[in-house]
Amino acid sequence: MTIETTQTPNFIRAIIEEDLASGKHKTVITRFPPEPNGYLHIGHAKSICINFGLAGDFGGRCHLRFDDTNPAKEEVEYAESIKESVRWLGFDWGEHLYYASDYFEQLYQWGEQLVRQGDAYVDDLSADEIRAYRGTLTETGKESPYRNRSADENLELFRRMRAGEFPDGSRVLRAKIDMSSPNLNLRDPVMYRILHAPHPHAGEKWCIYPMYDYAHGQSDSIEGITHSICTLEFEDHRPLYDWFLDRLGIYPPRQYEFARLNLTYTVMSKRKLLQLVQDGDVRGWDDPRMPTLVGLRRRGYTPDAIRSFCERIGVGRSDSWIDMSILEESVREDLNERAPRAMAVLRPLKLVIDNYPEDLVEEFTVANHPQKPEAGSRTIPFCREVWIETDDFLEEPPKGFHRLAPGQEVRLRYAYIVRCTGVVRDGAGNVIEVRCSYDPDTHTGGPAAGRKVKGVIHWVSALHAIEAEVRLYDRLFTEPNPAGDEWKSFVNLHSVEILTSCRLEPSLKEAAPESRYQFERQGYFCVDAKDSTPGKPVFNRTVTLRDSWAKLDKGDQGNSKA
RNA sequence: UGGGGUGUCGCCAAGCGGUAAGGCAACGGACUCUGACUCCGUCAUUCCGAGGUUCAAAUCCUCGCACCCCAGCCA
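This report concerns the structure included in the present document.

Conventions we followed
Residues numbered from 1 in each chain as written. Chains lettered and ligands numbered in written order. Predicted model: local features only at pLDDT ≥ 70, side-chain atom pairs only at ≥ 80, totals over all residues. Heavy atoms only, no water. Helix = DSSP H or I, 4+ residues; strand = E, 2+ residues; numbered from the N terminus. Rg over C-alpha atoms; globule rule 2.2 N^0.38 Å. Buried < 20%, exposed > 50% of the residue type's maximum accessible area, 1.4 Å probe, protein only. Areas by Shrake-Rupley, 256 points an atom, 1.4 Å probe, with all protein chains shown as cover. Lys, Arg positive; Asp, Glu negative; His and termini not counted. Charge placed at Lys NZ, Arg CZ, Asp CG, Glu CD. Contact = heavy atoms within 4.5 Å. Salt bridge = Lys/Arg side-chain N within 4 Å of Asp/Glu carboxyl O. Near = heavy atom within 4 Å. Polar contact = N/O pair within 3.5 Å; in protein donor to acceptor, adjacent residues only side chain to side chain. Nonpolar A, V, L, I, M, F, W, Y, C, P; charged D, E, K, R; others polar. Core = buried A, V, L, I, M, F, W, Y, C linked by side-chain atoms within 4.5 Å. Expected span 1.5 Å × (residues − 1). Pairing = 2+ DSSP bridges. Axes fitted to C-alpha atoms, helices over the stretch in contact; angles between N-to-C directions. Parallel < 35°, antiparallel > 145°, perpendicular 65-115°, else oblique. Disulfide = S-S within 2.5 Å.

### Describing the overall build of chain A
Move 1: Of the regular secondary structure elements, chain A holds 13 helices and 25 strands.
Move 2: For 562 residues, the compact-globule estimate of 2.2 N^0.38 gives 24 Å, and chain A exceeds it by more than 25% at 31 Å.
Move 3: The dimensions of chain A, computed from C-alpha atoms along their principal axes, are 100 × 55 × 40 Å.
Move 4: Here chain A, with 562 residues, has 52% of them falling under the buried criterion.
Move 5: For chain A, the accessible surface area stands at approximately 25300 Å², while carbon and sulfur atoms represent 48% of it.
Move 6: In chain A, 72 side chains carry a positive charge and 88 a negative one; their mean positions are 2 Å apart.

### Examining the environment of arginine 193
Move 1: As for its placement among the helices and strands, arginine 193 is situated in strand E6 (residues 190–194).
Move 2: Of the residues examined, arginine 193 reaches a relative accessible area of 18% and is grouped as buried.
Move 3: Once the C-alpha coordinates of arginine 193 and proline 210 are considered, the two residues, 17 residues apart in sequence, prove to be 6.7 Å apart.
Move 4: Setting aside its immediate chain neighbours within four residues, arginine 193 contacts Thr69, Asn70, Val172, Cys207, Ile208, Tyr209, Pro210 and Met211.

### Description of the pattern of salt bridges
Move 1: Under the defined criterion, the tally for this structure stands at 58 salt bridges.
Move 2: In this structure, aspartate 220 engages arginine 65 in a salt bridge whose closest nitrogen and oxygen atoms are separated by 2.7 Å. Of this pair, aspartate 220 sits in helix H7 (residues 212–223) while arginine 65 sits in strand E2 (residues 61–66), and the two are 155 residues apart along the sequence.
Move 3: Overall, the relative accessible area of 0% leaves aspartate 220 in the buried class.
Move 4: Through salt bridges with shared partners, one network takes in Arg283, Asp286, Arg298, Glu469, Arg471, Asp528, Lys530 and Asp531.

### So, the protein's contact with RNA strand B
Move 1: Around RNA strand B, 69 residues are found, and the nearest of them are Thr69, Arg341, Arg413, Thr444 and Ser548.
Move 2: For RNA strand B, the fraction of atoms within 4 Å of the protein that belong to sugar or phosphate moieties is 67%.
Move 3: Between glutamine 518 and RNA strand B, the recorded distance is 2.6 Å, taken from a side-chain N or O atom to a base nitrogen.
Move 4: In the environment of RNA strand B, a phosphate oxygen lies 3.0 Å from a nitrogen or oxygen atom belonging to the side chain of arginine 546.
Move 5: Elements with a contribution of two residues or more to the surface near RNA strand B: helix H5 (127–134), E6, helix H11 (303–313), helix H12 (324–338) and helix H13 (548–554).
Move 6: Tallied by class, the residues present in the surface near RNA strand B amount to 24 nonpolar, 22 polar and 23 charged.

### Brief notes about the nonpolar core
Move 1: Counting 39 residues, the largest nonpolar core has Ile42, Val86, Ile306 and Phe309 as its most contacted members.
Move 2: Of all elements in the fold, only helix H2 (42–57), E2, helix H3 (76–89), helix H10 (293–299), H11 and H12 reach the threshold of two or more residues within this core.
Move 3: In terms of residue count, H2 provides more of this core than any other element does, six residues in total.
Move 4: With residues near it in sequence (within four places) discarded, phenylalanine 309 still touches Ile42, Leu261, Leu263, Ile322, Ile326, Leu327 and Ser330.
Move 5: By size, the runner-up hydrophobic cluster in this structure holds 35 residues, among which are Tyr103, Val115, Ala120 and Ile250.

### Digging into helix H4 (residues 104–116)
Move 1: Its 13 residues give H4 an end-to-end C-alpha distance of 18 Å, which sits within 8% of 18 Å, the value for a rise of 1.5 Å per residue.
Move 2: Among the residues trailing H4, glycine 118 stands out with phi positive, at a value near 80°.

### Things to note about the sheet that holds strand E20 (residues 459–461)
Move 1: Spatial ordering of the open sheet is given by E19-E16-E17-E18-E12-E15-E20, a layout of seven strands whose pairing is mixed. The open sheet terminates on both sides in strands that have one partner only, identified here as strand E19 (456–457) and E20.

### Focus on the packing of H4 against helix H8 (residues 238–248)
Move 1: H8 packs onto H4 with a crossing angle of 80° between their chain directions and a minimal axis gap of 10 Å. Judged by the angle between their axes, H4 and H8 are roughly perpendicular. Between H4 and H8, the contacting residues are Trp110, Gln113 and Leu114 on the first element and Phe244, Arg247 and Leu248 on the second.
Move 2: In terms of residue class, the contact of H4 with H8 is built from four nonpolar, one polar and one charged.

### A short note on the state of the cysteines
Move 1: Scanning the entire structure with this criterion turns up zero disulfides.
Move 2: The thiol of cysteine 526 is unpaired, and the distance to the nearest cysteine sulfur, on cysteine 502, comes to 15 Å.
Move 3: Among the residues examined, cysteine 526 registers a relative accessible area of 1% and is labelled buried.

### Focus on the environment of aspartate 19
Move 1: Considering the arrangement of structural elements, one finds aspartate 19 in helix H1 (residues 11–22).
Move 2: Its relative accessible area of 8% is what places aspartate 19 among the buried residues.
Move 3: Once the C-alpha coordinates of aspartate 19 and leucine 107 are considered, the two residues, 88 residues apart in sequence, prove to be 28 Å apart.
Move 4: Discounting chain neighbours no more than four positions away, the residues touching aspartate 19 are Lys24, His25, His227 and Tyr256.

### Examining the environment of tryptophan 88
Move 1: Mapped onto the secondary structure, tryptophan 88 falls in helix H3.
Move 2: Tryptophan 88 sits in the buried class, given a relative accessible area of 15%.
Move 3: Each C-alpha atom of the pair tryptophan 88 and tyrosine 301 lies 11 Å from the other, and the pair is 213 residues apart in sequence.

### Considering the pairing of strand E21 (residues 466–473)
One face of the sheet, then the other: side chains in a regular strand alternate in exactly this way.
Move 1: Extensive coverage of E21 is indicated by the burial of six of its eight residues.
Move 2: Here E21 pairs with strand E22 (residues 496–504) via seven bridges, running antiparallel. Of the residues in E22, the one forming a bridge with valine 470 is leucine 499.
Move 3: Alignment of E21 against strand E25 (residues 538–544), held across three bridges, turns out to be parallel. In the strand pairing of E25, arginine 471 is matched with asparagine 540.

This is the structure:
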């Protein structure tokens, strides 16, 4: 492994390079430490990419460690989902899967050590009293009347806490630091609370559980983590992180903080995501509109696209809001490379070619990818009646409209040039059918194939099309930053449009779950893994193609599709 | 009003005393049987502001300003 990397430099990378160069560390060991209390989202992906990415780049390793110190909120199902998402993203922790709860005994022994050293004490104050004694941002705190118990008394009490002699909330073990510290985290932080509850991983062994601050640094120490990378809000905790390690006299990893990801037009907090699910704003954690990894996956995002996104946004310490367009561009770039093309008509309009033989069916061989011959080809049937996109025909076309209109010519992609000769209307005057004539010499490869027409539109043979459901997704919120108490009022009520009678080319009939296609001229689509059945695929639109016509047409500055 | 942070193009982000990388967006243009892709070009005399040090400052010093985080027996 070489230490050379091509990535954009960032401060953490710089620190690691220095540590390696100075000999402070011989290798780099990082960790991704989720609490198994929910699903991973794109913000976690950033952390995963940083931690696993750095370890990989420098030939070190990254541990997956569940920070499972609060049994009240955690479940094994979450842990399983987290493991699957990390794997899906393309990272491998090898043998290094850990649980903070596996360190509970060691943590407890260290707790006794701190008690013996006079660095921790059992406090009988209630939660409310502890809060009141803590003081405020501007007023110093007050010492608990139980703060100066003897080491022996504390030890006995701590052991009895572990033994289950006291009810929940009756006592805690606290670090004895400084009630007047301007850093609230140092005002005798709680180390252990009593919680008579089974633990999803540790089972029934414990009725006292360590707090994050007391468990995290020591877990890092046990695992020999060299660089403990977390988000900015833990910066104030670093002195405490260092304090425990110092008092315990054990190997001290160093903590470094980076700015968490904020993405426009979505929310990232577990609380808000949960509320969206509970309120029925979305159809679950894996709803394709959710910024969760399971949601993005179902939407059709690839692991490569997400990793590329994380690379593009960089790692810094300033609060930032990443524009959704960067995420979208990341998938487009990836899918443009890998997605086979197909033709699909989302809002069908019948087109009848009057001078095409009634019973003739032709089969055209077309490339699966215009720039990649190695992607192979397929055949698509053509006949006298085809479906075209409703949007591709306008009776009164605006200037610059390169599609079909009365009297105008357009090419049916891979087939012929047709000229619109008329329309058929229903009783209400709506156009229900477009009539045209075709020029037999203009077929791809034919004598007049080179004839230029302004537009090319996609189509699907009416005789052979399969009917399918396609779901079009838009951003979940109408505001770039849906913050504040009224954040729910910014939920985009039109974030999904379900089209049930789309007409797809027959080759799509057996498309495999999760396979991705570019529907030409429209966007990238993915076979929904949950709702599709054999022979009856349901497609989710991952992202639209860039559409400079729509931008001109609507004078639309943003990317929203309304 | 205590403490900890952050401020470089519309959004991210390099830069670490030697005269502003890159990506996304935007805007021109070329190409095109996807108005896609691709390609070519444009896009910060200026780095939150004001002083100061220096031959030379986004980078050092001083004083301001703005924004973010912290008062869970959550992580």
